[in-house]
Amino acid sequence: MYNITVIPGDGIGPEVTEAALKVLEATGVGFSWQRAEMGHEAWERCGNPVPPETVAAIRKSDAALKGPCTSAPGAPYRSPNVAIRLELDLFAGVRPCKAYPGIRTPFAGTNLVLIRGLTEDKAGAGQFPAGGHQARAIIEAVRATAGKAIPADAALSLAICTENGTARLARFAFDYARRHSRHKVTVGVKASSANHMEALFWQVCHQVSKEYPDIECELEAIDVLFLQLVRRPQQFDVLLVPGNNGGLLSGLCAGLVGGLGMAGGGNYGDGLAVFEAAHGSAPKYAGQNKANPMALILSGAYMLRYLGEERAAERVETAVAAQVAEGRCLTYDVAQTPEAIHGTREVADKLARRVRKIQP
Ligand code: NAD
């Protein structure tokens, strides 16, 4: 019996979360779901988008499954998605991107994994005490010493890259590649003399790669990586990038394989993991039984694998692949005919039936 913290989140979150739980239960694996609050609605109710009880519940659980949470720029509301990663030191975000046969995409055969840092780069500035006040003090100091070079009306952001943090992320990526029989890690940065942070990121990744002679490591300038991804993404295996580049690539990579409704993922720390889809809370579809639950269902499959339930994970992935290939019961975003369009619940019900039929 696994104890799992379940965070329904905002917008379409509760609907896709219920759909994912239904499919995970169909595997027959024993789960005890502990529901916890997080997000904009939690903030409206209790004044905190990441209540401490939720953080404590995740720490005590075997893993967490999280629906999307709305984040809005500006004080006093902070992005709960960034906050939880920093609070729990979930340093590696993993986004497998696979083009399932049956999905309309010019990039058939794409099967790559994006691994991005989550606790350094720009988001890392939030690690400073008092929600970034120290970061703001540093920025003010830079502004003062730089004098006229920085206009008084400029907005400045701080980004952080440490050797230790990058080495930890790089080892995670190479270990992941080894465990999943992948053979190449492509590091995507702009390692120019004007970009010290990304230059350090590459140097450290390159150094760590020497511990893994069985895995090829290559550097690709981030702009060229974007170009290559929209020309021939099939050439890539594992992509390893700092947080900010990763945020941008995450949307692009989802687009290669059918859109946000098909992109699942997991955020990993030391002995902790929170699984969530790449998409956000899509407020305009909230409560309409319209959103594609497959991204969170695939995230659930990655959670099963993390828990050591390899066969159950395979059954969920096989069911998703079969349903997409058949093309008769899919949500609006991936269905190819009007008759094939079904709601979130119907897609999940059919997937759950398929999972039950696959030999455990
Ligand atoms: P979004 O991913 O919520 O939606 C963008 C568009 O993608 C939607 O309008 C819809 O057309 C499509 N889409 C997304 N998910 C889908 C699904 N499951 N099925 C079908 N179509 C889907 O991005 P946004 O509108 O920029 O963000 C909305 C809110 O979500 C924002 O507050 C944002 O900060 C937040 N967000 C949260 C997370 C997270 O919780 N990890 C990630 C991204 C965005």
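Residues numbered from 1 in each chain as written. Predicted model: local features only at pLDDT ≥ 70, side-chain atom pairs only at ≥ 80, totals over all residues. Heavy atoms only, no water.

Draft legend 1. Examining the overall build of the protein chain more closely. In terms of helices and strands, the protein chain carries 13 helices and 10 strands. A compact globule built from 360 residues should have a C-alpha radius of gyration of about 21 Å, and the protein chain, at 21 Å, falls within 12% of that. Taking the principal axes of the C-alpha coordinates as reference, the protein chain spans close to 65 × 50 × 40 Å. Of all intrachain contacts in the protein chain linking residues separated by at least 6 positions in sequence, the fraction that spans at least 24 positions is 75%. In the structure as shown, the protein chain presents an accessible area of about 15,800 Å², 52% of it carried by carbon and sulfur atoms. Computed over 38 positive and 36 negative side-chain charges, the separation of the two mean positions in the protein chain equals 4 Å. (Helix = DSSP H or I, 4+ residues; strand = E, 2+ residues; numbered from the N terminus. Rg over C-alpha atoms; globule rule 2.2 N^0.38 Å. Contact = heavy atoms within 4.5 Å. Areas by Shrake-Rupley, 256 points an atom, 1.4 Å probe, with all protein chains shown as cover. Lys, Arg positive; Asp, Glu negative; His and termini not counted. Charge placed at Lys NZ, Arg CZ, Asp CG, Glu CD.)

Draft legend 2. Fine view of a nonpolar patch on the surface. Together, Ile-138, Val-142 and Leu-156 line one region of the surface with nonpolar side chains, adding up to about 190 Å² of accessible area. Among the secondary structure elements, Leu-156 is positioned in the loop between helix 6 (129-146) and helix 7 (163-179). Exposure remark for Leu-156: the relative accessible area of 31% places this residue in the partly exposed category. (Patch = residues over 30% accessible without salt bridge, like charges linked within 9 Å, V, L, I, M, F, W, Y side chains within 5 Å. Salt bridge = Lys/Arg side-chain N within 4 Å of Asp/Glu carboxyl O. Buried < 20%, exposed > 50% of the residue type's maximum accessible area, 1.4 Å probe, protein only.)

Draft legend 3. How the structure looks around the layout of surface pockets. Reported here for the second largest pocket is a volume of approximately 530 Å³. Pro-96, Tyr-176, His-180, Tyr-302 and Arg-305 are the residues nearest the centre of the second largest pocket, which is lined by 26 residues in total. Secondary structure elements with two or more residues in the lining of the second largest pocket: strand 4 (92-98), strand 5 (111-117), helix 7, strand 9 (266-268), helix 11 (294-306) and helix 12 (310-326). Broken down by class, the residue content of the lining of the second largest pocket amounts to 15 nonpolar, 5 polar and 6 charged. (1 Å grid on protein atoms, 1.4 Å probe; cavity = no way out; pocket = protein on both sides within 12 Å on 5 of 7 lines; lining within 4 Å. Points joined across faces, edges and corners; volume = space filled by probe spheres on them. Nonpolar A, V, L, I, M, F, W, Y, C, P; charged D, E, K, R; others polar.)

Draft legend 4. Region of the structure containing helix 8 (residues 196-209). The end-to-end C-alpha distance of helix 8, which contains 14 residues, comes to 20 Å, matching closely the 20 Å that a straight helix rising 1.5 Å per residue would cover. With 10 of its 14 residues buried, helix 8 lies for the most part within the structure. Where helix 8 is concerned, the buried positions are Met-197, Glu-198, Ala-199, Leu-200, Phe-201, Trp-202, Val-204, Cys-205, Val-208 and Ser-209. Looking at the buried side of helix 8, the elements it contacts are helix 5 (121-124), helix 7, strand 6 (184-189), strand 7 (216-221), strand 8 (238-241) and helix 10 (243-256). (Expected span 1.5 Å × (residues − 1).)

Draft legend 5. The arrangement of the site of the ligand in detail. Around the ligand there are 22 residues in total, and Ser-71, Gly-280, Ala-282, Asn-292 and Tyr-332 lie nearest to it. Between Cys-69 and the ligand, the recorded distance is 2.9 Å, taken from a backbone N or O atom to an oxygen atom. With respect to the ligand, the backbone of Gly-280 contributes an N or O atom lying 2.7 Å from an oxygen atom. Coverage of the ligand by the protein chains reaches 71% of its 810 Å² of free accessible surface. Looking at side-chain class alone, the shell around the ligand contains 10 nonpolar, 7 polar and 5 charged residues. (Near = heavy atom within 4 Å. Polar contact = N/O pair within 3.5 Å; in protein donor to acceptor, adjacent residues only side chain to side chain.)

Draft legend 6. Geometry of the sheet that holds strand 5. The sheet built from 10 strands is open, its strands ordered 2-1-3-10-9-4-5-8-6-7 with mixed pairing. With one partner strand each, in any of the chains shown, strand 2 (31-35) and strand 7 form the two edges of the open sheet. Strand-to-strand twist across the sheet, computed as the mean angle between neighbouring axes with direction ignored, equals 25°. Sheet topology places strand 3 (residues 63-66) next to strand 10 (residues 273-276); 3 bridges connect them, and they run parallel. Residue pairing for strand 10: Lys-66 is matched across the bridge by Glu-276. Where helix 3 (residues 52-60) meets the sheet, it contacts strand 1 (2-7), strand 3 and strand 10, and its direction lies at approximately 150° from that of strand 1. (Pairing = 2+ DSSP bridges. Axes fitted to C-alpha atoms, helices over the stretch in contact; angles between N-to-C directions.)

Draft legend 7. Quick peek at the packing of helix 7 against helix 8. Between helix 7 and helix 8, the shortest axis-to-axis distance is 9 Å and the interhelical angle comes to 50°. When the interaxial angle is binned, helix 7 and helix 8 end up oblique. Regarding helix 7 and helix 8, the two cross each other, and that crossing is right-handed. Along the contact surface, helix 7 presents Glu-163, Thr-166, Ala-167, Leu-169, Ala-170, Arg-171 and Phe-174, while helix 8 presents Leu-200, Phe-201, Val-204, Cys-205, Val-208 and Ser-209. Class assignment of the residues belonging to the contact of helix 7 with helix 8 gives a composition of 9 nonpolar, 2 polar and 2 charged. (Parallel < 35°, antiparallel > 145°, perpendicular 65-115°, else oblique. Left-handed = near helix turned anticlockwise from the far one by under 90°.)

Draft legend 8. Examining the pairing of strand 3 more closely. Because side chains alternate across strand 3, one face comprises the buried residues Ala-63 and Leu-65, and the other comprises Ala-64 and Lys-66, equally buried. Where strand 1 lies against strand 3, 4 bridges are found, and the strand directions are parallel. Bridged to Ile-4 within strand 3 is Ala-63.

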